[in-house]
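# Observations on the three-dimensional arrangement
Residues per chain, in single letters:
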There are 2 protein chains.
Amino acid sequence: MSREITIAIDAMGGDFGPEMVVPGCAIARERQPDTRFILFGDESRIAPVLDAHPELARASTVEHTDVAVGMDDKPSQALRRGRWRSSMWLALEATRSGRSEVTVSAGNTGALMAMSKFCLRTMPGVERPAIAAIWPTLRGESIVLDVGATIGSDADQLVDFAVMGEAMARALFGMERPTVGLLNIGVEEVKGLEMIREAGRILRDSGLPLQYAGFVEGDDIGRGTVDVVVTDGFTGNIALKTAEGTARQMAQYLRSAMSRSLLSRIGYVLARSAFDTLRAKMDPRKANGGVFLGLNGIVIKSHGGTDAEGFASAVALGRDTAVNGLNEKITDDLEQYRRDQDISLKVAGEIAS
Amino acid sequence: MSREITIAIDAMGGDFGPEMVVPGCAIARERQPDTRFILFGDESRIAPVLDAHPELARASTVEHTDVAVGMDDKPSQALRRGRWRSSMWLALEATRSGRSEVTVSAGNTGALMAMSKFCLRTMPGVERPAIAAIWPTLRGESIVLDVGATIGSDADQLVDFAVMGEAMARALFGMERPTVGLLNIGVEEVKGLEMIREAGRILRDSGLPLQYAGFVEGDDIGRGTVDVVVTDGFTGNIALKTAEGTARQMAQYLRSAMSRSLLSRIGYVLARSAFDTLRAKMDPRKANGGVFLGLNGIVIKSHGGTDAEGFASAVALGRDTAVNGLNEKITDDLEQYRRDQDISLKVAGEIAS
């Protein structure tokens, strides 16, 4: 398991840049010593922070550039204005050329996705990449995709997401046969949108070596009903942010309830370790990192507003995808799927003729 | 405020029928004595429960029918098979004919919506009704619509939802100028689907007397960023169920954290009143009841699996809509909106000619 992984880091990404990113890498390196870093960005800001982390410094190369993509830059702006020299682009280019195995950035999602597509290109046969999120559930963790790369996916794209998400569950969770569900609503006679039903038919009938579990609803995500939840990027993004908002809301309710009276404050002190467990469980930093799937190279998008601890989670996630050969698994599965499709089309053609 | 309201009840709806519905009405009647009920359903099941609630019995009429819509009946089945005699239909018919001011049912959503459209008909100019949910937020309560009646709404329908939801916030929350946001995602350069952007343009430029606050994201719902969140029924349903699932998940985390050690259990006992407050705050029964908007009559859909306490909330919500003239407000606002639209089209035509 323990082979050395090189990770390309966009050191200028996120709300705080190198002052957050570099300490994040230091935490990740401490936990996973077999990790090397190429840090792209403004050397005058990176060097002083790196000086404070000599262990990381020994495992890192700094490549200077003074161009950074702004957190509010539109993707088209980012692509137009000196993109070739930006820390984001250079970090992607390192993975494209094979100098690194994965790229991690806390930069803005739209620009990072646009540049990733441009630099790494989509895998053969994949029309649109997806962003996969790891979602804590009552049963452990599930993968939800797409959470924001695409809007209004058609049935074929949803099927691609299912294949990619399933490969990710096998790679990251070590599962042999993860279950896959399509996110839908259950109240209409004709359930959900046509493309979801069509994707359901393909997943059921295609003979894919994939455990298709049917439609799931919004509350099935947190319940962990299936290991992989497939949806288009619009719905997935709304679901992800709604869940984040609800978790914050519950935490806020809990805080104000516990500080209401003397007794509840004493109770809080006594039960502190329980609350610490709870806080750790609900810590959004632990689940930090969206995985861009369907590109010729893995890219991890960290939350822009996260701290060093959160960035370290994104780095660890990136390392995991590389160690477990996520992209090779996806490539193999997609090839297998296309082959099976071709065969069934051929068989269908022969029967028809 | 305190005038007598008559409510038509589908006593056979929900997972438990009259044994849950009738005690629910009894709780509602106890809290709001100026409420009368017409209970539709199987008299042999309703009567014994009613006997246990003499105060409710004095305020109720029972109208017998032995036809009930099943919880799993498809809307088309429900409409085909003896619908005219079902408790659901009769409860809607009572509101249509003016014998009652609102209908409450815990029956299946698809059948109830199909029958409501058929029986009550949509308001003039409204193409599709919506289901509005009251969503607890950090600032109080917001209205979210549509949470499941429509799939893939166009811009005009979203604007109708905005007008109806805003009227509901004024009627139920007593607000003068509620704010309205369109649910969208924030990561794409061209944000969201075309119909949402088009609806945004109409709401901004139409001169509607409505405080349009722009796009909001999933986590803005729980934050209470706006008073009315507008979305299509597919997205709204996913968001609602995802939030319910997340709240349940957090409650489960909390329960297992608090029972882990002796100290945490003692802490729990000391802070019990705080936990009771929290539990009351998170009680899904308090927010029970989806309001069907855009029909010539108000229909409240209670959760099918709720208990008497939850059903009482749905009844109270129904009473509220009637007391505050929700449907009159919606009718007035939609008329005003159509008039303004006609004028601006005319002006635009005159300028163009």
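Glancing now at the overall build of chain A. If you tally the helices and strands in chain A, you get 14 helices and 11 strands. For chain A, whose C-alpha radius of gyration is 22 Å, the value lies close to the compact-globule estimate of 20 Å for 353 residues. Here the C-alpha coordinates of chain A stretch approximately 70 × 60 × 40 Å along the principal axes. In chain A, once contacts between residues fewer than 6 apart in sequence are set aside, the share between residues at least 24 apart is 72%.

Another aspect to go through is the packing of helix 1 (residues 18-31) of chain A against helix 13 (residues 308-323) of chain A. A pair of packed helices is captured by two measures, namely the crossing angle of their axes and the spacing between those axes. Residue and element names in this part refer to chain A. One can describe the packing of helix 1 onto helix 13 by two numbers: an axis separation of 7 Å at closest approach and a directional angle of 55 degrees. Classified by the interaxial angle, the pair formed by helix 1 and helix 13 is oblique. With respect to the hand of their crossing, helix 1 and helix 13 are arranged in right-handed fashion. Contact residues: helix 1 offers Met20, Val21, Pro23, Gly24, Cys25, Ile27, Ala28 and Arg31, while helix 13 offers Ala308, Glu309, Phe311, Ala312, Val315 and Ala316. Counted by class, the contact of helix 1 with helix 13 contains 11 nonpolar, 1 polar and 2 charged residues.

Consecutive side chains along a regular strand alternate between the two faces of the sheet. Residues and elements named next belong to chain B. Counting buried positions over the 7 residues of strand 2 (residues 35-41) gives 6, a clear majority of the element. Of the strand pairs in this sheet, strand 1 (residues 5-10) and strand 2 are connected by 6 bridges, and their pairing is parallel. Residue pairing in the sheet places Ile5 in a bridge with Thr35 of strand 2. Between strand 1 and its parallel partner strand 2, the chain crosses via helix 1 (residues 18-31), and the hand of that crossover is right-handed. Here strand 2 runs beside strand 3 (residues 60-64); their pairing, made up of 5 bridges, is parallel. Looking across to strand 3, one finds that Ile38 is bridged to Thr61.

So, on to unusual backbone geometry. Phi is mostly negative for residues that are not glycine, and the peptide bonds are mostly trans. Residue and element names in this part refer to chain A. With an omega of 0 degrees, the peptide bond running from Leu145 to Asp146 counts as cis. Here Asp146 is to be found in the loop between strand 6 (140-145) and helix 7 (155-173). Positive phi, normally seen in glycine, also occurs at Arg121, with a value near 65 degrees. By the secondary structure assignment, Arg121 is in the loop between helix 6 (109-120) and strand 5 (130-137).

Low pLDDT marks regions whose predicted coordinates should not be analysed in detail. Model confidence for chain A is summarised by a mean pLDDT of 89, while 94% of its residues fall at 70 or above. With pTM at 0.89, the complex prediction returns an ipTM value of 0.88.

This brings us to helix 13 of chain A. All names here are of chain A. With 16 residues, helix 13 extends 22 Å from end C-alpha to end C-alpha; this agrees with the ideal 22 Å at 1.5 Å per step. Most of helix 13 is tucked away: 12 of the 16 residues are buried. All buried positions along helix 13 are accounted for by Gly310, Phe311, Ala312, Ser313, Ala314, Val315, Leu317, Gly318, Arg319, Asp320, Thr321 and Ala322. Downstream of helix 13 by a residue or two, Gly325 has a phi angle that is positive, lying close to 60 degrees.

About the criteria used
- Residues numbered from 1 in each chain as written.
- Chains lettered and ligands numbered in written order.
- Predicted model: local features only at pLDDT ≥ 70, side-chain atom pairs only at ≥ 80, totals over all residues.
- Helix = DSSP H or I, 4+ residues; strand = E, 2+ residues; numbered from the N terminus.
- Rg over C-alpha atoms; globule rule 2.2 N^0.38 Å.
- Contact = placed C-beta atoms within 7 Å.
- Axes fitted to C-alpha atoms, helices over the stretch in contact; angles between N-to-C directions.
- Parallel < 35°, antiparallel > 145°, perpendicular 65-115°, else oblique.
- Left-handed = near helix turned anticlockwise from the far one by under 90°.
- Nonpolar A, V, L, I, M, F, W, Y, C, P; charged D, E, K, R; others polar.
- Buried ≥ 20, exposed ≤ 12 C-beta atoms within 10 Å, placed from the backbone.
- Pairing = 2+ DSSP bridges.
- Right-handed = clockwise from strand over helix to strand, strands pointing away.
- pLDDT = per-residue confidence, 0-100.
- Expected span 1.5 Å × (residues − 1).

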